[in-house]
Structures are given as structure tokens and as C-alpha cells.
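# Coordinates in review
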Amino acid sequence: MNQRIVRLFLLFSMLFAAACQHAPGPATQPQTVPAAIAIADAYGAQVASAVLDAGGTAVDAAVAVAFSLAVTYPEAGNLGGGGFMLTWMDGQGAFLDYREVAPAAATRDMYLDAQGQVVDNLSLTGYKAVAVPGTVAGMSEAHRRYGRLPWKELLAPAIELADQGFVVPSLLAVNLQEELPRLAAIPGFLHYFGGLRNGEIFRQPELAATLRRIQAEGAAGFYQGETASLIVDEMRRGGGLVTAADLSGYRPVWREPLLASWRGYQVLSAPPPSSGGIAVLQLLKLRDLLAEDFRGLAHNSPQYVHLTAEMEKRVYADRAEYLGDPAFIDIPVALLVADDYIARRAAGIDRRAISAPGSVHPGLEPHDTTHFSIVDRWGNAVSNTYTLNTGFGSGVVVGGAGFLLNNEMDDFSVKPGQPNYYGVVGSAANEVQPGKRMLSSMTPTILLEDGRVKMVLGSPGGSTIITSVYQTIVNVLDFGMSAADAVAATRFHHQLLPADLVTFSPSRPLPSGTIQALAKRGYRVQPHDWEFGDVQLILRDAEDWQAASDPRGRGEARVLH
Ligand code: DON
């Protein structure tokens, strides 16, 4: 395996060296620090290192990684999904929303039967689950604004990996087995992905051809022409809703990042249609309002978990009520993160007993996604989370084009009060409407200190993303953990509903004393259904970086001195 990787990446390095000779002039900022990366698989890490070594910016590396993960991380890396890219480039924050949108033919009740009951799995598996993909348009737009190396070169590693194949990591083979009961019946899924075997080489020639069209034509190589026709044909075969007009009409959107001061840091995070930035800011601020209560509490002790669960109840209640696509609903963002509002929410927290779910109302009148964090030598940063939603998405593979389509429609609230795959509920704010972006929990985040990057992080995990990001920040800043310890630590999660349920990382349980003490207080404390979170963290420590990839995943982190 190693020899093969070395050969591939020698080739990449040569390509990039050649590209650099033609690249525009150097970035304006002085070189300050080494580059650093934390990526969800070793192939992506290798690609990012090669791009950065060749003088690419953090965004160049992000674009190349996004395409390479679409080949080597098919559970979540994608062409057929969407996501969010948070950037800090040349001293400016920006947020690119390339989230999927509902097809024009989508309707509010499309997942209900004649009796108004939710049809099992319709929003989750197969053709009706598919929303209009955003990833390729997102990467093209990010590159247009912030790229330095030629687009064609950034596609080259992914094409090579698809053409020549890559050695299947064991976790990919395991993830495939887990999803097979859900996906095996979908025509085409086994044909394309059934051949994935641990330790064997997996080639994807049709995907390579799709990537070549994108390489040659940019976003038009996906949203128009042959790839678009193949997507539309696939939709017709299985009764999906995405049309040629949906594809050609898709546009990513630049938004202002959510920005707030917290303890002298500038926190940049995801605005709506993500719930993640608002939720993490609420948690960080609530924690400081409860500073007296938290003082001296040991990490993951019973009272620590209780107070955090009380905070999370309130945050998830707001999420369910107020959040959705800002193009369709008015979202009181400023009010939701205002200090006086958070102070009122803190006042309702019960220090000793569990607030009943029914008593926690919105205060104003949820497995597979992947995140990568990149810092370049100029101190620019990218925090990118993108997804097909659950592992391998809808399971629908575009025939002749070799890539999977998302099942992001399940992130809408298909019926008021009906939990989605991740158990989170929603209201009219997040009902299905044509052209609308479904509410997300993806939380790419950057913390700045005195205008310089202090931390870059994010995670998969559906609704648990928010708690993974929050707890990782606190592990570093309050418990003084190293990057490696902070991502590895046990995490726990509570989201208002199911009532009184606290779940924890299955492979790293909470201390048994904590579990017993919480049970005495009335909590149900259980391992989470899956190994939630795969945090990719870069952290500035004086003048150097620490980079860490969550040991729960198959990622790799490097500091590139
Ligand atoms: O946007 C969201 O919140 C979800 N579609 C993310 C899904 C996810 O993180 C799956 N990973 N385990």
C-alpha cells in the first residue's frame, strides 16, 4: 500500500511543481507559521500536504481534498452532496453555503401517506430522498474567489485516485457493511460499491470520467452537459425529483459568518441554514454565565454532565422552533445569541434536578459527514464540513457517472414534531418547500485571537456535531488539553428529546461513577447508537500548531514544517 501511495504522490508533487511555475504571484501576507492539516482520511491528508507544499492556499488544498474524499471516502466525501466552507483568508472571514436545495417539484407533505402518516424511510433512502447537490458549485466558487493554483491541477489527484484506485481502509469496509441492509436493494448501489473490500484496490473509472468533465469545464461539467443528463436519467429511472432545470439553477451563496466575541476570542461559525453556529455560541455563552457552577467540576463528572445537558436542552429547543433557511423564514439570529437572552435562558437552568422536556420551550416568544481543517503558511484557514447526510447518502448512484447522491431531504422537518434520522424535531420553519435549504447542524468553526487563527475545527455526527464542537473547544480552553487529548476525550450528548437521555461515545464511555450518579438523578445514560463525531482540530500553541484527527475515525493530521 505504501509503495503505491508514494508513487501516486510523487506524481502529484510533480504536477503541482509544474503548476506553481505558472501560478500567479505570491500571496500578499508574509509567511508566518507552518501549515497544518487535519483530514478524515490518509489519502486526503496526502493530497492536502502536496497542494500546500506546492504553494497552494488553504482553499486550494480544501478544493483538492474535497474532490479526493469524493473518491476515497464515499460514505461522505462527495460530488452529489453539499456542505459549508468557512474561510479566514487574508484577514477576512467568509462563509460559503453550498448546501443542497429541495427540487422544484418538492412539496411540504411529500413524505406523508394519504392518512398523513410519515412513510418510513422515504426521505432517507432511495430516489425521493435526493436534493439538488451543491458540492461542485461550491468548490468552483471557493476556487474562483480564493484559489491560486490552477483548477485543473487541483482535480488531478482525485482523478488519479479514481483511475488507478486506492487501497480500501478497514473502516470504509466496515461502514459499507453497516449500511448494506439499508442500501443493497437500491438498483446500482451494489454494482458500484459492492466490490469494496478491506485492503484491496478499488477503482472507479466512471467517477474518473466525471471528474475529468469537471476538470475540463468547471461546475458546468457537472450541472450541464453529460453529467447533468446522466443525473436526470437516473432520477427518471427511479422516480426522483431532480430535473435539468434544478441542476442548472443551483447556486452556492456567500454569507456573513456568524461572528461573536467570547472570552477575548473572535468566534467565527456557521450561520443559518446551519443551526450549528448559533447553537455553539449559545453553549459557550451559557457556560460562562454558569461559571460559578462549573468552577472546580471535574471533566465529565456527574454535575458537569448535568449542567451541560441542561444547557443543551434549551439550545435544541430553540433549534427546533426558529431555525431553517433564511431565504424562506425570518430568523432572529441576533436575538438568539444576545447576552441578555442567553442570561434569561441560563436563569431557567435547574442546577440540581432535570428540567422536564415539556417545561423547556423555545425561549423567544442528528451518520456520516466529513470535516477537514486546513491552515496554510500565510495563516489563512479553511474549516469545511460536507456530507451526503447519512453514510453513502440515499444509496442512489448516478448510472454512468459513478457517484452517490445525497439523502439530505431527511434534514427537513417532514411533519411537525416528527424526529428525523438524528432524532431532532422541527416546526414550520424547516418544512419542505421547493428551492429551500434544509436545516443543518454542520458547524465548521474558527476561533481567532488578536486577528490570528487560534483554532480550526468541525465534525460529522448529525445533531451531535454541535456538542462535539462545543466540548472540544472547552476541553482545550478550560481543561488545558492538547489537541490530541481534546479530540479523543469522551463526549456526551443531550438534545432535549428523547427525554432525559444522555448518550456518550460508545468506545470511550463516561466514567462508571458518573453514569451511576447521573442515573440516580433520573437520567437514562447510554452509549450513543453510533461512534459519534470525527473531530478534525488545528490549534495554535504559541507560534506552532498542534493538529489532531479524532481517533474514532481514519483521519490523519500533520504539521508541515
Ligand atoms: O446537515 C446536517 O446536519 C446533517 N445532514 C449532517 C449529517 C452528519 O453529520 C452525518 N454524520 N455522521
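Just so you know, these numbers come straight off a predicted model, no measurement behind them.

## Description of the packing of aromatic side chains
Each aromatic ring pair is specified by the distance between its two centres and by the angle formed by the two planes. All chains considered together, the criterion is met by 20 aromatic pairs. Aromatic pair Phe-222 and Tyr-223: ring centres 4.8 Å apart, planes at 70°, arrangement edge-to-face. Exposure class is identical for Phe-222 and Tyr-223. Each is buried. One aromatic cluster is present, formed by Tyr-43, Phe-166, Phe-189, Phe-193, Phe-202 and Phe-392 through successive ring pairs. When the ring centre of Trp-254 is taken as origin, the NZ or CZ atom of Arg-145, which lies over that ring, is 4.2 Å away. Positioned over the ring face of Phe-294 is Arg-287, at 4.3 Å from the centre of the ring.

## A word on unusual backbone geometry
Put simply, Pro-272 and Pro-273 share a cis peptide bond, and its omega is 15°. With respect to the element layout, Pro-273 can be found in the loop between strand E8 (265-269) and helix H12 (276-289). Note that the residue after Leu-497, namely Pro-498, is joined by a cis bond; omega there is 0°. Position of Pro-498 relative to the elements: it lies in the loop between strand E13 (492-493) and strand E14 (501-504). A positive phi is found at Asn-389, a non-glycine position, where the angle reads about 85°. Mapped onto the elements of the fold, Asn-389 is located in the loop between strand E10 (381-387) and strand E11 (445-449).

## Digging into the pattern of salt bridges
Following the criterion strictly, the structure yields 25 salt bridges and no others. One salt bridge in this structure joins Glu-408 and Arg-99, with 3.2 Å as the shortest N-O distance. Accessibility expressed as a relative area gives 0% for Glu-408, which makes it buried. We classify Arg-99 as buried; its relative accessible area is 1%. For the salt bridge of Asp-288 with Arg-263, the shortest nitrogen-to-oxygen distance reads 2.8 Å. With Asp-288 in helix H12 and Arg-263 in the loop between strand E7 (258-262) and E8, the pair connects residues that are 25 residues apart, well separated along the chain. Assessed through its relative accessible area of 29%, Asp-288 is described here as partly exposed. Through salt bridges with shared partners, one network takes in Arg-263, Arg-287, Asp-288 and Asp-478.

## Structural notes on the domain arrangement of the protein
With domains assigned, the protein is organised as domain 1 (3-254 + 371-430) and domain 2 (259-368 + 445-549). At the interface, 46 residues of domain 1 touch 44 residues of domain 2. Between the two partners, domain 1 and domain 2, sit zero salt bridges. In this assembly, domain 1 and domain 2 are joined by 14 residue pairs in polar contact (both at pLDDT 80 or more). For the side of domain 1 that touches domain 2, the secondary structure elements donating two or more residues are strand E1 (35-39), strand E2 (82-89), strand E3 (92-98), helix H6 (170-183), strand E9 (369-375) and E10. Of the residues in the side of domain 1 that touches domain 2, the class split is 25 nonpolar, 17 polar and four charged.

## Here we look at the site of the ligand
Around the ligand, the surrounding shell holds 16 residues, and the nearest of these are Thr-369, Glu-408, Asp-411, Ser-440 and Ser-441. At a separation of 2.7 Å, an oxygen atom of the ligand approaches a polar side-chain atom of Ser-440. At 2.7 Å, a backbone N or O of Ser-441 approaches an oxygen atom of the ligand. Here the ligand, which alone exposes 340 Å², has 98% of that area covered by the protein. Of the residues assigned to the shell around the ligand, the class counts are four nonpolar, eight polar and four charged.

## Describing the confidence of the model for the protein
Of the residues in the protein, 93% have a pLDDT of 70 or more, and the chain-wide mean is 93. With pLDDT under 50 throughout, residues 14-30 is counted as low confidence; its partners more than four residues away or in other chains account for 26 contacts.

Basis of the calculations
- Residues numbered from 1 in each chain as written.
- Predicted model: local features only at pLDDT ≥ 70, side-chain atom pairs only at ≥ 80, totals over all residues.
- Heavy atoms only, no water.
- Phe/Tyr/Trp six-rings, centres within 6.5 Å; stacked < 30°, edge-to-face > 60°.
- Buried < 20%, exposed > 50% of the residue type's maximum accessible area, 1.4 Å probe, protein only.
- Lys NZ or Arg CZ within 6 Å of the ring centre and 35° of its normal.
- Helix = DSSP H or I, 4+ residues; strand = E, 2+ residues; numbered from the N terminus.
- Salt bridge = Lys/Arg side-chain N within 4 Å of Asp/Glu carboxyl O.
- Domains from an automatic or database assignment.
- Contact = heavy atoms within 4.5 Å.
- Polar contact = N/O pair within 3.5 Å; in protein donor to acceptor, adjacent residues only side chain to side chain.
- Nonpolar A, V, L, I, M, F, W, Y, C, P; charged D, E, K, R; others polar.
- Near = heavy atom within 4 Å.
- Areas by Shrake-Rupley, 256 points an atom, 1.4 Å probe, with all protein chains shown as cover.
- pLDDT = per-residue confidence, 0-100.

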